[in-house]
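Given next are the chains, with one letter for each unit.
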Amino acid sequence: MNADTVFERPLTAHIDPTREPLSLKEYEAVGGYAALRKAVKEMAPGDVTKAVKDANLRGRGGAGFPTGVKWSLIPMGADAPRDKYIICNADEMEPGTFKDRLLMEGNPHQLVEAMLVSAYAIQASRAYIFLRGEYILAAQRLRAAIAEAMESGYVGAHILGGSWGVSLSVHTGAGRYICGEETALINSLEGKRANPRAKPPFPQIAGLWGKPTVVNNVETLCNVPHIVNRGADWFHGLSQGRSQDSGTKLYGCSGRVKNPGCWELPFGTTAREILEDYAGGLQDGLKLKCWLPGGASTDFLLPEQLDLAMDYDTIGHAHSRMGTGLIMAVDDHQDILKVLLNLEEFFAQESCGWCTPCRDGLPWSVKILRALIARQGRRKDIGILEEMTHALGPGRTFCAHAPGAMEPLQSALRFFRDEFEAGVAEHPAPTPAELQVLT
Amino acid sequence: MATIHVDGKEYEVDGSDNLLHACLSLGLNIPYFCWHPALGSVGACRQCAVKQFKDADDTRGRLVMSCLTSATTGTYISITDPEAVAFRASVDEFLMANHPHDCPVCEEGGHCHLQDMTVMTGHSLRRYHFTKRTHLNQDLGPFINHEMNRCIACYRCDRFYREYAGGTDFGVFGAHDNVYFGRPTPGTLENEFSGNLTEVCPTGVFTDKTHSERYVRKWDMQYAPSVCMHCSLGCNVSPGERYGEIRRIENRYNGTINHYFLCDRGRFGYGYTNRKDRPRVAFIAQDGKLAQASTEDARARLGGLLRGAKHVVGIGSPRASLESNFALRELVGAENFFDGHSDAEHVLVAQAIAILRDGPVASTTLKALESGDAALVLGEDVMQTAPRAALSLRQAARGLGQKLLAQQKLQHWQAGALENLAQDHYNPIFVTATHATRLDPIATETCRAAVEDQARLGLAVAHFIDPAAPAVAGLDAATEARAQRIAECLLAAERPLVVSGTGAGSAEILQAAANVAWALHARGKTVGFFLAFPEANSFGLGLMDARPLGEALDALANGAAEVAIVVENDLFRRAPTARVEAALDKARLVVVDHQDTPTTRHAEVLLPAATVFEGDGTVVNNEGRAQRYFQVFDTAYYHPDIATTESWRWLRRLLSDVRGDGHDASTFDEVSSACAAVLPQFTAITKAAPQAKFRILGLKAARTPHRYSGRTAMRANLSVHEPRASQDADSPLAFSMEGFNGTGTDNTPADQRPGALVSYAWAPGWNSPQAWNKFQDEVGGHLRGGDPGVHLFTANTQASTTYFTHIPAAFVVDNTTPRVVALPQIFGSELLSSRAEPVASRITEAYVAMNGTLAATLSLAEHDSVAVTIAGSVLSLPVRISDALPDGIIGVPDGAPGIPRIATGAQATLKVGAAA
Amino acid sequence: MSTADPVKLKDLPKVAPFVLHPDDRAAIVHEKTLYDYPRAAVIEALKIVQARHGWVCDAAVTAIADVLGVTAADVDGVATFYNLIFRQPVGRHVIKICDSIGCFLTGYEALRAAFEKHLGIRYGGTTPDNRFTLLPVVCLGACDRGPVIMIDDDTHFNVGPDGIVALLERYA
Ligand SMILES: Cc1cc2nc3c(=O)[nH]c(=O)nc-3n(C[C@H](O)[C@H](O)[C@H](O)COP(=O)(O)O)c2cc1C
Ligand code: SF4
Ligand code: FES
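What you see is a predicted model; the values in this text were computed from it and never measured. (Residues numbered from 1 in each chain as written. Chains lettered and ligands numbered in written order. Predicted model: local features only at pLDDT ≥ 70, side-chain atom pairs only at ≥ 80, totals over all residues. Heavy atoms only, no water.)

Chemist: Would you mind going over the overall build of chain B with me for this structure?
Modeler: The helix and strand tally for chain B stands at 26 helices and 36 strands. Taken over C-alpha atoms, the radius of gyration comes to 28 Å for chain B, in line with the 29 Å a tight globule of 916 residues would show. Taken over the C-alpha atoms alone, chain B extends approximately 90 × 80 × 55 Å along its principal axes. A buried classification covers 66% of the 916 residues belonging to chain B. (Helix = DSSP H or I, 4+ residues; strand = E, 2+ residues; numbered from the N terminus. Rg over C-alpha atoms; globule rule 2.2 N^0.38 Å. Buried < 20%, exposed > 50% of the residue type's maximum accessible area, 1.4 Å probe, protein only.)

Now the structure itself:
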């Protein structure tokens with residue numbers, strides 16, 4: 001496959017960054033709100049969930065959890081709590097990730113419809129789009145789209161004249177990566193400090209204000225209307241047999257590449273295709289040193305692993321994670337310690353401060369990296385970093401933030417050990433420029 | 001029960017607990033910080049990790065937080081697994097990275113949970129070689145020090161202060177490694193339970209400021225099991241002494257009463273005992289002034305006085321022990337023994353006792369209040385009169401969260417889920433009072449009305465519950481509906497509570513409360529009935545059936561009696577000044593007290609009494625539980641010329657002088673046993689604690705920790721020859737580190753240390769208050785050696801319910817002569833604590849409160865001055881407008897400087913503009 | 001949250017005593033209706049106040065707490081948790097430079113240096129004329145167009161060190 005291969009791009013078909021997004025009328029003209037109509041008029045809520053389950057839609061927020069399974073844990077029927085919530089996780093803050101912005105700015109009605117269909121599936125009473133505060137344009141466009149949808153009776157008390165209704169509003173955040181973690185997001189939406197919550201109870205049982213709640217990523221949800229319209233088989237077909245996973249995926253690439261960007265491609269497209277065919281390879285004079293497959297919280301992979309299919313299992317078997325699927329190319333002019341320092345500074349700064357290893361471990365790792373960069377490290381510091389990759393690993397901390405922070409570190413320690421060793425103090429004195437990084 | 005496997009051994013545990021709780025209950029050590037038995041699990045610190053295996057064959061296992069994992073049957077864990085051990089050490093290392101190395105100057109040093117856990121995890125070498133993050137501190141008022149650099153961010157303070165205690169002026173600020181725990185702006189912590197932060201905080205961020213000035217290490221203080229004297233609840237305390245001064249009060253665990261927490265009055269009110277102006281030797285009046293005298297001279301004088309007098313009256317005190325009151329009664333004769341309460345309180349206490357003793361429902365315990373799921377608080381402002389009970393009631397309200405957890409099949413310790421499910425919903429609590437109370441924020445409904453209207457509401461509630469209870473005629477529809485709502489709510493509850501007391505100054509309120517409790521009982525409900533009493537030993541004194549004080553005052557004023565012996569009482573707090581003066585002007589007055597009060601100034605002879613810390617005694621708390629307190633230290637050890645001793649011992653000496661029998665050296669057990677023998681209602685008191693001859697493994701229990709240092713030099717300023725340690729003939733405790741100091745968890749049988757003889761919390765490796773874990777049958781349960789205290793009577797559940805039938809008339813508003821209510825104050829209303837400097841600084845200024853309507857009719861605005869005439873005294877007071885007060889009622893703060901003690905219910909006249 | 005003496009008072013620009021603008025109050029009251037519990041409006045309330053005053057002072061924290069019926073400690077706990085709420089005065093325009101990995105790889109460090117040099121301030125600083133405050137911000141979700149910055153509500157893509165003078169001209 002190359003960049004000219006033609007295939008379906010349901011999520012981005014109507015996105016054209018050079019013009020205003022589709023209005024409600026325009027969106028309806030290309031088939032918009034048909035899925036909502038179909039769901040509400042022709043399908044029982046459980047049918048929608050079943051369709052999503054059959055389609056094997058997996059969460060695009062990073063963890064790949066099957067969406068239909070998540071929804072099916074929501075209590076349904078007459079005995080279920082009256083208040084139920086669906087929240088769209090639009091807090092996109094994973095460094096290197098810029099796909100949800102594209103979807104929201106590019107076709108806000110698609111997300112609005114997706115929210116409504118999904119809300120119908122779980123019979124939610126309120127729906128919120130938790131949008132990161134910096135996405136000013138997305139907020140404007142989403143709010144405008146919601147207003148239009150309300151006028152047309154798609155949002156409100158009796159949607160399409162039926163008995164079910166849901167309110168939909170945009171909630172903008174005030175900046176904190178941890179708000180993307182779904183239970184922290186719920187706390188944040190409640191107007192609290194965004195510390196994650198202990199699970200169990202899972203949000204589907206006791207989420208927002210203690211009521212059943214579903215949290216899904218923007219991209220995940222945007223698939224839902226298309227699945228409702230066209231069915232599971234069509235959805236499976238989208239990945240063209242390149243992956244066990246179904247559908248398309250918004251892949252992307254950034255770093256010093258010729259043509260950075262984000263493209264909707266069949267699930268399982270290889271990293272090499274993304275980097276070379278779509279992003280045009282590295283800028284002249286640069287070579288690939290390593291790459292992050294899907295955001296700052298994934299393990300580095302090496303150039304020789306570029307032929308891996310970008311799907312959850314394949315990247316997982318290669319000891320990394322597909323994460324958000326937006327590749328970050330690190331070129332050979334980069335000092336891996338400085339790259340890591342940048343990453344770990346991010347994680348240390350964005351730690352919510354709730355659990356010990358993350359709160360007090362990450363800042364320590366930052367200080368060690370600074371010392372190593374300044375060639376003032378101590379030999380045992382490398383051992384300490386190594387220990388941290390265990391002590392801050394999965395299950396050790398309260399949420400997945402710190403384990404995410406350890407992924408690039410542990411892979412860097414594995415692949416670029418010599419660069420760490422070079423930072424130990426026996427080595428030549430640092431240059432003034434190097435020293436500056438310390439401050 | 002559940003069977004779990006820990007490091008290859010099988011144990012039976014309570015399956016509803018988490019693994020941390022279960023293992024600690026088994027006596028196994030797992031380090032932890034964020035978990036607290038009363039606060040539940042949140043999984044923040046990650047210190048409690050253990051390895052969990054799928055089954056007996058699994059060898060890989062995975063780390064889990066023991067505080068967040070259920071102890072269900074078939075659980076296999078390892079505490080000693082190397083990976084778990086290494087992880088726990090690294091958690092401690094992370095915590096210590098920013099922690100200052102200031103243990104030598106830190107006031108937590110030596111009873112610091114962080115120190116203990118650092119030793120337990122084995123983290124000993126600092127590898128962190130970078131700068132530490134630092135914070136600025138806040139001035140949090142007279143009680144609490146703040147040293148944020150020591151914070152390890154376990155979030156316990158926040159969870160205790162805001163969730164558990166309902167404080168509003170505290171929070172967590174910032175994020176990542178810059179989280180800050182404190183007030184939004186510097187200033188006094190307002191919550192009445194702020195002092196518990198010093199024990200809840202596992203390190204030295206929050207420490208006891210009252211202790212700072214005269215700081216001493218935990219191991220260098222001497223302790224004895226003691227009881228708080230500052231209200232009627234009888235919370236157990238552990239006072240620490242050094243060089244003849246009480247240096248600090250800490251909570252003493254009693255699983256039936258206060259368990260882990262005290263109120264600030266109880267914790268910080270001890271300073272009265274250290275006052276320089278206390279009488280510490282005898283005084284005899286000379287030329288109208290009291291002059292120091294030797295004990296011999298004073299006794300000689302008193303012998304003559306008592307032998308010559310025709311008629312001697314003895315006036316007891318609700319803040320003196322049973323033994324002291326009894327010894328006075330013995331000295332003067334039962335017919336000449338008078339109650340030390342005011343006459344109004346005399347009636348109320350008698351009424352309250354009769355209700356609890358003769359009615360079908362006995363008192364519930366303070367701890368049991370927490371498991372109530374609906375409450376009617378009738379007329380009693382518990383936060384001010386019996387503060388610790390307000391904390392328990394708050395837990396009853398929060399119990400809704402527990403119900404919701406259970407509905408979701410979640411465990412009771414899931415603290416985060418509890419908050420999440422409950423949000424700001426509480427179990428129903430109905431609060432009636434004449435004024436706004438600090439329980440109002442969690443109240444489902446509040447009713448502000450005059451006492452008779454509150455009583456009418458209560459009686460109506462009782463009638464709705466059980467139609468056999470008398471109906472109240474003439475209620476308005478709203479009150480009728482409210483009564484029905486309350487009745488339905490109480491009936492719907494599994495464990496309804498009825499809380500009231502003497503604080504409203506109304507026997508009708510007490511009767512109404514009794515009717516409600518009895519009606520619930522009649523309907524087959526397990527009702528928690530709880531009455532607050534005026535003072536620490538009001539219940540005990542009330543049981544002595546003494547004659548009312550007014551009769552003694554009259555007898556003195558009219559010459560029928562010529563000598564009065566007043567024990568630990570200031571009569572000016574008990575009756576109007578003019579009446580007391582009329583009596584004392586005529587009388588020859590003997591006072592035994594440890595405080596210099598207006599009464600002592602009228603004394604002809606003044607004998608220096610011991611405070612609760614300096615002597616032994618028994619007091620009876622509001623539930624009728626007799627509790628023993630023990631002498632903490634021997635005053636004469638440091639200052640041989642000090643003559644203070646228990647009032648009962650003075651009175652026994654006087655008795656022996658009068659009788660001339662030479663029996664001068666009564667012991668506590670003698671007096672206590674005599675009391676039990678003479679007054680059958682006190683038969684049980686000798687069981688409140690072991691008697692002096694009791695030994696554990698042949699030893700007395702030590703009052704000081706093993707490491708207690710410097711005893712050999714303590715008296716070097718007097719003589720370099722070290723005297724023998726003081727001997728204690730009154731108790732099974734030794735004034736020494738030589739004695740039994742075990743917990744019962746080591747190789748000694750578990751029940752060898754009775755709960756009543758645990759002076760302070762210490763166990764090997766556990767120096768902080770967390771060491772209570774080692775004394776409990778299960779963590780957070782009862783003391784293994786039994787919770788201290790004995791009930792003097794059991795519920796008369798077979799008693800037939802004879803409802804009170806008197807229905808008070810509705811209150812008639814008269815704004816020209818409004819009724820005065822004394823507004824009880826946690827700081828100020830109680831005498832002894834008000835004499836502690838830090839508490840004194842929290843006492844409100846005098847004011848008169850009234851609602852806007854009354855203020856408007858008098859053209860008064862906030863802060864305006866008004867002359868208030870109450871029972872003949874004219875007070876010039878600034879106005880405070882509080883619309884919570886009903887029409888026709890004004891309030892003055894009880895115990896504020898310049899305000900005499902006013903009996904609730906007096907009539908006042910207000911004159912605008914004029915100053916007194 | 002403020003501590004005994006967090007910032008020297010003389011360093012703070014003079015600001016008029018805080019009053020909650022009636023429009024802001026109305027906006028906050030409206031926000032409350034979007035949620036089942038008023039507390040959920042706290043972040044939006046902070047943003048509403050900040051939009052008018054540039055930052056959130058202690059008195060504003062108390063005012064918001066009053067409108068929402070929560071404690072000042074709760075409001076401040078939230079205000080100090082999030083990156084985009086300023087509890088100290090800022091200049092008329094706030095420049096936020098993305099310092100995350102995407103922009104780091106495409107020249108963030110040079111851009112930051114250029115801003116600091118041009119404005120004569122470092123991160124957290126405000127120019128003496130009170131015009132600009134300089135702050136870092138985490139990944140702005142436009143790594144394909146880095147380096148990225150935001151000035152107030154405007155996002156600027158592909159910003160190089162050379163372009164900043166002209167860019168700043170637009171913000172008086
Ligand atoms: C530290 C952290 C940050 C996260 N940030 C985001 C985010 O910005 N956007 C997102 O959709 N999911 C994020 N997630 C994943 C969410 O917790 C959650 O899994 C996701 O919203 C579920 O939606 P999905 O099943 O549709 O992927 C984050 C998770 C963690 C642990
Ligand atoms: S790992 Fe712990 S401190 Fe870090 S973000 Fe998650 S809960 Fe907060
Ligand atoms: S005690 Fe279990 S995580 Fe803190």
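Chemist: Mind showing me how you'd approach the interface of chain C and chain B here?
Modeler: Interfaces are frequently sized by the accessible area removed from exposure as the parts join. Counting residues at the interface gives 16 residues for chain C and 20 residues for chain B. Linking chain C to chain B there are one salt bridge. Note that Arg 162 of chain B is salt-bridged to Asp 74 of chain C, the shortest N-O span being 2.2 Å. It is helix H4 (residues 72-79) of chain C that contributes the most residues to the side of chain C that touches chain B, five residues altogether. Partitioned by chemical class, the residues of the side of chain C that touches chain B number seven nonpolar, five polar and four charged. (Contact = heavy atoms within 4.5 Å. Salt bridge = Lys/Arg side-chain N within 4 Å of Asp/Glu carboxyl O. Nonpolar A, V, L, I, M, F, W, Y, C, P; charged D, E, K, R; others polar.)

Chemist: Can you walk me through the state of the cysteines in this structure?
Modeler: Structurally, a disulfide amounts to a covalent bond that connects the sulfur atoms of two cysteines. For the structure shown, the criterion picks out zero disulfides over all chains. Among the cysteines around Cys 112 of chain B, which has no disulfide bond, Cys 106 of chain B carries the closest sulfur, lying 6.3 Å off. (Disulfide = S-S within 2.5 Å.)

Chemist: Whenever I open this one, the packing of aromatic side chains confuses me. Can you help?
Modeler: Geometrically, a pair of aromatic rings is defined through the distance of the ring centres and the angle of the planes. Residues and elements named next belong to chain B. Enumeration over the complete set of coordinates arrives at 44 aromatic pairs over all chains. Aromatic pair Trp 648 and Phe 668: ring centres 5.9 Å apart, planes at 65°, arrangement edge-to-face. Here Trp 648, found in helix H22 (residues 647-659), pairs with Phe 668, found in helix H23 (residues 668-678); they are 20 residues apart in sequence, far enough to count as distant. The class of Trp 648 is buried, set by a relative accessible area of 0%. (Phe/Tyr/Trp six-rings, centres within 6.5 Å; stacked < 30°, edge-to-face > 60°.)

Chemist: What should I look at first to understand the nonpolar core in this one?
Modeler: Buried together is how nonpolar side chains tend to be arranged in soluble globular proteins. Ranked by internal contacts, the top residues of the largest apolar core, which has 274 residues, are Phe 300 and Phe 420 of chain A, Phe 181 of chain B together with Ile 95 and Phe 115 of chain C. If near-sequence neighbours (up to four positions away) are discounted, Phe 115 of chain C is found in contact with Ile 95, Ile 97, Gly 120, Leu 134, Ile 149, Ile 164 and Leu 168 of chain C. (Core = buried A, V, L, I, M, F, W, Y, C linked by side-chain atoms within 4.5 Å.)

Chemist: Got a minute to help me understand the packing of helix H2 (residues 82-97) of chain B against helix H3 (residues 113-121) of chain B in this structure?
Modeler: Each pair of packed helices gets described by two things: the angle between the helix axes and the distance between those axes. All names here are of chain B. Contact pair H2 / H3: the axes reach a minimum separation of 9 Å and the direction vectors enclose 140°. Looking at the two axes, H2 sits oblique to H3. The way H2 lies across H3 gives a crossing that is left-handed. Of H3, the residues touching H2 (which contributes Arg 88, Ala 89, Asp 92 and Met 96) are Leu 114, Met 117, Thr 118 and Thr 121. Residue composition of the contact of H2 with H3, grouped by class: four nonpolar, two polar and two charged. (Axes fitted to C-alpha atoms, helices over the stretch in contact; angles between N-to-C directions. Parallel < 35°, antiparallel > 145°, perpendicular 65-115°, else oblique. Left-handed = near helix turned anticlockwise from the far one by under 90°.)

Chemist: Which parts of the structure should I look at to understand the sheet that holds strand S7 (residues 288-292) of chain A?
Modeler: Hydrogen bonds between backbone groups are what pair the strands of a sheet, and the pairing can be parallel or antiparallel. Residue and element names in this part refer to chain A. Strands sit in the order S6-S5-S8-S7 across an open sheet of four strands; the sheet is mixed. Of all strands in the sheet, those bounded by a partner on one side alone are strand S6 (261-266) and S7. In this sheet, adjacent strand axes meet at a mean angle of 25° when their direction is disregarded. Where strand S5 (residues 248-255) and S6 come together, six bridges link them in antiparallel fashion. Bridged to Lys 249 within S6 is Leu 265. (Pairing = 2+ DSSP bridges.)

Chemist: Got a minute to help me understand the site of ligand 1 in this structure?
Modeler: All names here are of chain A. Every one of the 19 residues lining ligand 1 counts as a neighbour, but Gly 61, Asn 89, Asn 216, Asn 217 and Thr 220 are closest to it. Within the side chain of Lys 70, an N or O atom sits 3.2 Å from an oxygen atom of ligand 1. Side-chain polar atom of Asn 89 to an oxygen atom of ligand 1: 2.8 Å apart, as the coordinates give it. Relative to its free-state accessible area of 600 Å², ligand 1 is covered by the protein chains to the extent of 89%. Per-element accounting of the shell around ligand 1 gives the leading share, three residues, to strand S4 (residues 213-217). (Near = heavy atom within 4 Å. Polar contact = N/O pair within 3.5 Å; in protein donor to acceptor, adjacent residues only side chain to side chain. Areas by Shrake-Rupley, 256 points an atom, 1.4 Å probe, with all protein chains shown as cover.)

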